[in-house]
Amino acid sequence: MNKVLFSKESDNWKTPPEIYNYYMKNEFFDPCPYMSEFDGLNIEWKDKNFVNPPYSKIKEFVDKSIKENERAKDVLLLIPARTDTKYFKKLIDYGCYIMFITGRLKFNDKGSAPFPSCMIRLIGGGEINSECVWITREELYENLGDDKE
């Protein structure tokens, strides 16, 4: 296994271009773009937000995502599918739609990630039950339309 995949050097994982291009084309704001100089935790987000957070700050970005969603902001997260974490339980309790991606995504042109990924759309303030589906990486890209490289 490549050591960089588990090291501090791998904190920022560049969103696969098929996914990133789709959301940017559809006018989503990225509050934490790859290798950015600004801190998305300290700015107000836009109406539609696509978030692939630095993985050392997932908890903080989950908290910020919930706050922004409570302000009627649309938030979609791309994070590792680590269902045993406190932040994941927090998302479930809040109310979200989870798309578990079977097959590993490719980040930073380093090959497949050493972890499964999921996309999570926040949908409510605790009164809405969370839902989940499983989708293959290929189905995900098909659903994104013609934005593949």
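Description of the structure in this document. (Residues numbered from 1 in each chain as written. Predicted model: local features only at pLDDT ≥ 70, side-chain atom pairs only at ≥ 80, totals over all residues. Heavy atoms only, no water.)

## Overview of helix α1 (residues 17-25)
Then, number 1: Among all positions of α1, only E18, I19 and Y23 are buried. The buried residues of α1 occupy an angular sector of 120° when projected down its axis, which confines them to one face.
Then, number 2: Buried residues in α1 make contact with β1 (48-51), β2 (74-80), β4 (117-122) and α4 (137-143).
Then, number 3: Looking one or two places after α1, you find E27, whose phi comes out positive at around 60°. (Buried < 20%, exposed > 50% of the residue type's maximum accessible area, 1.4 Å probe, protein only. Helix = DSSP H or I, 4+ residues; strand = E, 2+ residues; numbered from the N terminus. Arc of directions from axis to C-beta. Contact = heavy atoms within 4.5 Å.)

## Regarding the pattern of salt bridges
Then, number 1: Across all of its chains, the model carries nine salt bridges by this definition.
Then, number 2: With a shortest N-O distance of 2.6 Å, D63 and K90 are connected by a salt bridge. Of this pair, D63 sits in helix α2 (residues 58-70) while K90 is found in helix α3 (residues 86-94), placing the two residues 27 residues apart along the sequence.
Then, number 3: Taking relative accessible area as the criterion, K90 reaches 39% and is therefore assigned partly exposed.
Then, number 4: In this structure, R71 engages E68 in a salt bridge whose closest nitrogen and oxygen atoms are separated by 2.9 Å.
Then, number 5: With relative accessibility at 0%, the residue E68 sits in the buried group.
Then, number 6: Three or more residues are tied together by salt bridges with common partners; here these are E44, K64, E68, R71 and K73. (Salt bridge = Lys/Arg side-chain N within 4 Å of Asp/Glu carboxyl O.)

## So, the nonpolar core
Then, number 1: If you look at the biggest cluster of nonpolar residues, it comprises 41 residues, and the most contacted ones within it are I19, I79, M119, I120 and L140.
Then, number 2: Going through the elements one at a time, α1, β1, α2, β2, α3, β3 (96-102), β4 and α4 are the ones with two or more residues in this core.
Then, number 3: The contacts of I79, once residues within four sequence positions are left out, are P53, Y55, I58, Y87, F88, L91, S117, C118 and I120. (Core = buried A, V, L, I, M, F, W, Y, C linked by side-chain atoms within 4.5 Å.)

## Examining the packing of α2 against α3
Then, number 1: Direction vectors running N to C along α2 and α3 enclose 15°, while the axes themselves pass 9 Å from each other. By the angle between their axes, α2 is roughly parallel relative to α3. Handedness of the α2/α3 crossing: left-handed. Side by side, α2 and α3 meet where I58, K59, V62, D63, I66, N69 and E70 of the first sit next to Y87, K90, L91 and Y94 of the second.
Then, number 2: Its residues assigned to classes, the contact of α2 with α3 shows six nonpolar, one polar and four charged. (Axes fitted to C-alpha atoms, helices over the stretch in contact; angles between N-to-C directions. Parallel < 35°, antiparallel > 145°, perpendicular 65-115°, else oblique. Left-handed = near helix turned anticlockwise from the far one by under 90°. Nonpolar A, V, L, I, M, F, W, Y, C, P; charged D, E, K, R; others polar.)

## Side note on α2
Then, number 1: Here α2 contains 13 residues, and its C-alpha end-to-end distance of 18 Å stays within 8% of the 18 Å for a straight helix at 1.5 Å per residue.
Then, number 2: Among all positions of α2, only I58, F61, V62, D63, K64, S65, I66, E68 and N69 are buried.
Then, number 3: Looking at the buried positions of α2, the neighbouring elements they touch are β1, β2, α3 and β4.
Then, number 4: A72 occupies a position one or two residues after α2 and carries a positive phi of about 65°. (Expected span 1.5 Å × (residues − 1).)

## Observations concerning the pairing of β1
Then, number 1: Note that β1 and β2 share four bridges and pair parallel. From the neighbouring strand, N49 faces β2, where its bridge partner is V75.
Then, number 2: In this view, the connection linking β1 to its parallel neighbour β2 by way of α2 has right-handed handedness. (Pairing = 2+ DSSP bridges. Right-handed = clockwise from strand over helix to strand, strands pointing away.)

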